[in-house]
Each structure stands twice: as structure tokens, then as C-alpha cells.
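One letter stands for each residue in the lines below.
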Amino acid sequence: MYFDKIYKLQTGVSFKISTFALQELIANAITRQKFPELKSIRSTTDLHDYLSVIVCDGVEGLIDRRQRWLDHKIKSALTAGHPVSFHNFCNLFWRNLDEDDPDGDEWHQLMASDQFYLQLTILLNKLRIVERSLLQHKDITPDLFLGST
């Protein structure tokens, strides 16, 4: 799984995991020459706070299937095509183990994949490079493209 790339589930839901908030964090750190937020990101799970999910297609079916886990705020964001925090989107896939759940099964397989972990690791390494560069050189403009590699 690559970030900032559209994926389609078997149920017809297409989505992308966006790194936009992370890109903004880096741009702000460069502009202000202050980066306390970057220092707080030390593991791949810390990156989850800066990821969001945008559902591109099939949102109606997703909402119908995930109804019991949706609150009004998330439902409104999904319907409007706005980003939903990665944590909130993951929470849509809680279920009983014996429940038939094609969306959930596929989502969990993507999140547990080596490819997803590799992409998180790559992002974390890019952030460390940016942080080190900012510490060493005040007038740096690192490559902000964090999407698929």
C-alpha cells in the first residue's frame, strides 16, 4: 500500500491515505525554523496522527455497512468527500471476529501488510532526514513529496 494513491476495495469503495497533514507539518517547521512536533514523532505509530483517509467512491455503501460505528461528524465528512483522521477511519472497522465483513477484512489486511509498514518506515526516515537537515542548515528546503515511492 502506498500513500496518496487511490485503492479500491472489492466492495467498490475507493480511498486514499493522505499525507497532507504531515507535509504541512514539515512545511511549517521549515518556514518557522522550529520543529517540536517533528521531535515528538519517534515511531511509525506516531505517524498515524498525521494521516487521513479520503473516500473517493462508494461512500454510500461504506456508510450503510459501517452504520453502527459512524457518528454524525464522520458521516458528514465522508459524505462531503472530506478527509477523516486515520484513527477515526480505522475505528469504523471494529467488529466481531465471526462477522462477515468484506470491507473490514480487506482494510485489516492492508493495514497489517508489510507494504504498509514499509511505507510508514520510509515516511519516518524522511522525517528524520528533514529534522537533521533543519538542525544542521537553517536555509534548507527538503523534498516534501511523501507519497508513493
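This report concerns the structure included in the present document. (Residues numbered from 1 in each chain as written. Predicted model: local features only at pLDDT ≥ 70, side-chain atom pairs only at ≥ 80, totals over all residues. Heavy atoms only, no water.)

## Overview of the overall build of the protein
For step 1, the next point in the chain: Counting secondary structure elements, the protein contains 7 helices and 4 strands.
For step 2, the next point in the chain: Starting at the N terminus and ending at the C terminus, the protein contains elements arranged as β-β-α-α-β-α-α-β-α-α-α.
For step 3, the next point in the chain: In the protein, buried positions account for 42% of the 149 residues.
For step 4, the next point in the chain: Expressed as a percentage of contacts within the protein between residues at least 6 apart in sequence, the contacts between residues at least 24 apart total 67%.
For step 5, the next point in the chain: Put simply, the protein shows about 8400 Å² of open surface, and 53% of that area lies on carbon and sulfur atoms. (Helix = DSSP H or I, 4+ residues; strand = E, 2+ residues; numbered from the N terminus. Buried < 20%, exposed > 50% of the residue type's maximum accessible area, 1.4 Å probe, protein only. Contact = heavy atoms within 4.5 Å. Areas by Shrake-Rupley, 256 points an atom, 1.4 Å probe, with all protein chains shown as cover.)

## Considerations on the pattern of salt bridges
For step 1, the next point in the chain: This structure, assessed with the given rule, holds 3 salt bridges.
For step 2, the next point in the chain: A salt bridge links R42 to E131; the nearest nitrogen and oxygen atoms lie 3.1 Å apart. With R42 in the loop between helix 2 (36–40) and strand 3 (52–57) and E131 in helix 7 (residues 114–136), the pair connects residues that are 89 residues apart, well separated along the chain.
For step 3, the next point in the chain: The closest approach of N and O atoms between R65 and D103, which form a salt bridge, is 2.4 Å. Residue R65 is found in helix 3 (residues 59–65), and its partner D103 is found in helix 6 (residues 102–111); the two are separated by 38 residues along the sequence.
For step 4, the next point in the chain: A relative accessible area of 0% places D103 in the buried class. (Salt bridge = Lys/Arg side-chain N within 4 Å of Asp/Glu carboxyl O.)

## Examining the pairing of strand 3
For step 1, the next point in the chain: Where strand 2 (residues 14–18) lies against strand 3, 5 bridges are found, and the strand directions are antiparallel. Bridging from a neighbouring strand, I17 pairs with V53 of strand 3. (Pairing = 2+ DSSP bridges.)

## Some remarks on the sheet that holds strand 1 (residues 7–8)
For step 1, the next point in the chain: With respect to topology, 4 strands assemble into an open sheet ordered 1-2-3-4, the strand pairing being antiparallel. Where the open sheet ends on each side, the last strands, each with one partner, are strand 1 and strand 4 (84–85).
For step 2, the next point in the chain: As defined by bridge partners, strand 3 adjoins strand 4 across 2 bridges and the pair is classed as antiparallel. Among the inter-strand pairings, V53 is bridged to a residue of strand 4, identified as V84.

## Points about the environment of L9
For step 1, the next point in the chain: Tracing the backbone through its elements, the reader meets L9 in the loop between strand 1 and strand 2.
For step 2, the next point in the chain: Sequence separation between L9 and W107 is 98 residues, and the spatial gap between their C-alpha atoms is 8.1 Å.
For step 3, the next point in the chain: For L9, the contacting residues outside a window of four places in its chain are F15, D103, E106 and L110.

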